[in-house]
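Report on the structure
This is what each chain is made of:
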Amino acid sequence: MYQPLADLLRPTTLDEVYGQEHILGEGAILRRLIDSGKIPNMVFYGPSGTGKTTVANIIAQQTNRTLYKLNATTASTADIKEIVAQLDTFLAPNGVLLYLDEIQSFNKKQQQSLLEHIENGKITLIASTTENPYFYVFNAILSRSTVFEFKQISAEAALKAVHRAVSYMEGRTALKAEAEDGALEYIAMACGGDLRKAMNAVEVLFSAGQPKNGVLPLTLEDAKAVTQKSALRADRDGDSHYDLLSALQKSIRGSDPDAACHYLARLLEAGQMPSACRRLMVIAAEDVGLAYPQIIPIVNACVDMALKLGMPEARIPLGDAAVLMATSPKSNSGHIALDTALADVRKGKTGSFPRHLQNVHADSYTMEREQGYLYPHDYPNHWVQQQYLPDELVGTRYYEYADNKMEQAAKQYWQRVKGEE
């Protein structure tokens with residue numbers, strides 16, 4: 001029966017697990033827990049292909065616990081009941097270790113069905129998820145578990161796994177592999193931190209290769225063909241998608257045009273142009289804002305053009321928008337002012353309208369006095385001193401001029417007009 005290379009080369013010891021030294025290296029907390037044999041309920045969180053299932057297998061081997069595996073995308077409450085029925089029998093004399101993959105696919109009731117048994121220790125739960133467990137895992141499960149984050153495998157760590165896979169395939173096929181410069185490095189980089197994808201790529205190269213005299217060439221061109229788009233992690237509803245949007249905004253906010261282009265490219269290559277467009281418009285108002293107010297219609301025009309053009313031409317105006325914002329002066333003073341005002345309103349700090357700001361419908365013959373509104377355009381510089389905030393908020397300051405050329409020029413202008421210099 002066919003067995004994938006990734007499964008054949010699955011590590012059997014912790015020392016063989018690549019790229020998770022922060023939790024599995026000598027002296028690291030998860031390593032010490034496993035070595036002690038006292039395994040608590042755990043949630044493994046991280047991208048696919050980073051070793052979560054492998055570590056669960058190793059834990060089962062080292063603790064001599066009966067291991068059951070369920071995938072929450074296909075399992076049901078009945079599957080859990082079947083496992084529970086075997087507790088305290090000769091099939092599971094020491095309790096069971098339940099590895100529940102993709103736990104976020106279980107609803108609240110299904111997750112709750114585990115509580116009694118993980119509390120009394122008859123089931124030790126190791127749940128894994130590619131989504132943030134604090135959003136997707138029931139709180140009662142989280143409170144009884146320790147969360148360990150598995151990091152995306154670095155290209156350097158992935159390259160070690162790729163070399164190991166090549167060596168194994170050489171022995172398996174009795175062929176000598178000759179890799180073109182950069183071919184194996186490309187696989188390690190393009191797998192996007194997913195070792196399963198890297199293993200699959202090596203296996204495909206050997207299966208589709210054309211050996212000559214016992215030598216199998218591994219070309220860079222073939223490496224690119226078998227890894228196309230494999231590095232993309234941009235599931236529209238998943239954490240990685242929002243991580244990309246966050247990284248794009250923070251890169252532009254941090255005035256790094258290179259990083260901005262990188263994350264925008266990843267979004268576009270993953271087919272997420274609408275999300276990228278929306279986020280670019282948010283950035284224009286939130287992060288550049290009043291330091292360069294013209295940026296808002298400019299970015300809006302770039303987005304409008306991109307939506308009309310479609311890919312691949314849409315990348316041109318979107319790239320212009322991203323680089324222009326990354327290299328523009330920054331100010332968040334406008335939205336900070338409004339957020340502060342919103343906070344006051346939500347606390348009930350409002351008050352009555354000053355009489356002279358009320359709509360003219362209030363100026364009827366039954367009113368005891370006239371409105372008293374001073375029309376600024378009738379005065380020099382189109383300004384006249386009068387109260388605008390409610391009495392209860394007089395003196396409150398929401399907006400502070402930011403330290404950029406545009407807002408400082410406005411500040412100086414109004415200081416001169418209002419005689420505040």
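Described in the following lines is the structure provided in the data block. Quick caveat: nothing in here was measured; it's all calculated off a predicted structure.

As a further point, take the pairing of strand β4 (residues 123–129). On a regular strand, one side chain projects to one face of the sheet and the next to the other, so that they alternate. Burial runs high along β4: seven of the seven residues are buried. Where burial is concerned, the two faces of β4 agree: the one with Ile123, Leu125, Ala127 and Thr129 and the one with Thr124, Ile126 and Ser128 are both buried. One ladder, built from four bridges, connects strand β1 (residues 42–45) with β4; its direction is parallel. For Tyr45, the partnering residue across the bridge sits in β4 and is Thr129. The sheet contact formed by strand β3 (residues 96–101) and β4 spans five bridges and is parallel. Pairing of Leu97 across the sheet is with Thr124, part of β4.

Turning our attention to the nonpolar core. Val162, Val166, Ile187, Val202, Phe206 and Leu218 are the most contacted members of the largest nonpolar core, which totals 29 residues. Mapped onto this core, the elements with two or more residues apiece are α1 (5–8), α10 (155–173), α11 (183–190), α12 (195–208) and β7 (215–218). Ranked by residues supplied to this core, first place goes to α10 with eight residues. Counting residues in each nonpolar core, the second largest holds 26 residues, with Leu248, Leu280, Ala284 and Val288 among its members.

Counting across every chain of the model gives 10 salt bridges. The closest approach of N and O atoms between Asp15 and Arg31, which form a salt bridge, is 2.9 Å. Taken as a pair, Asp15 in the loop between α1 and α2 (21–24) and Arg31 in helix α3 (residues 29–36) lie far apart in primary sequence, 16 residues in all. Under the relative-accessibility criterion, Arg31 is labelled buried at 9%. The partner of Asp35 in a salt bridge is Arg31, and the shortest N-O contact between them spans 3.6 Å. Of this pair, Asp35 and Arg31 both sit in helix α3, four residues apart, which is roughly one turn of the helix. Overall, Asp35 belongs to the exposed group, its relative accessible area being 52%. When salt bridges with common partners are traced through the structure, they connect Asp15, Glu26, Arg31 and Asp35 into a single cluster.

How each quantity is defined
- Residues numbered from 1 in each chain as written.
- Predicted model: local features only at pLDDT ≥ 70, side-chain atom pairs only at ≥ 80, totals over all residues.
- Heavy atoms only, no water.
- Buried < 20%, exposed > 50% of the residue type's maximum accessible area, 1.4 Å probe, protein only.
- Helix = DSSP H or I, 4+ residues; strand = E, 2+ residues; numbered from the N terminus.
- Pairing = 2+ DSSP bridges.
- Core = buried A, V, L, I, M, F, W, Y, C linked by side-chain atoms within 4.5 Å.
- Salt bridge = Lys/Arg side-chain N within 4 Å of Asp/Glu carboxyl O.

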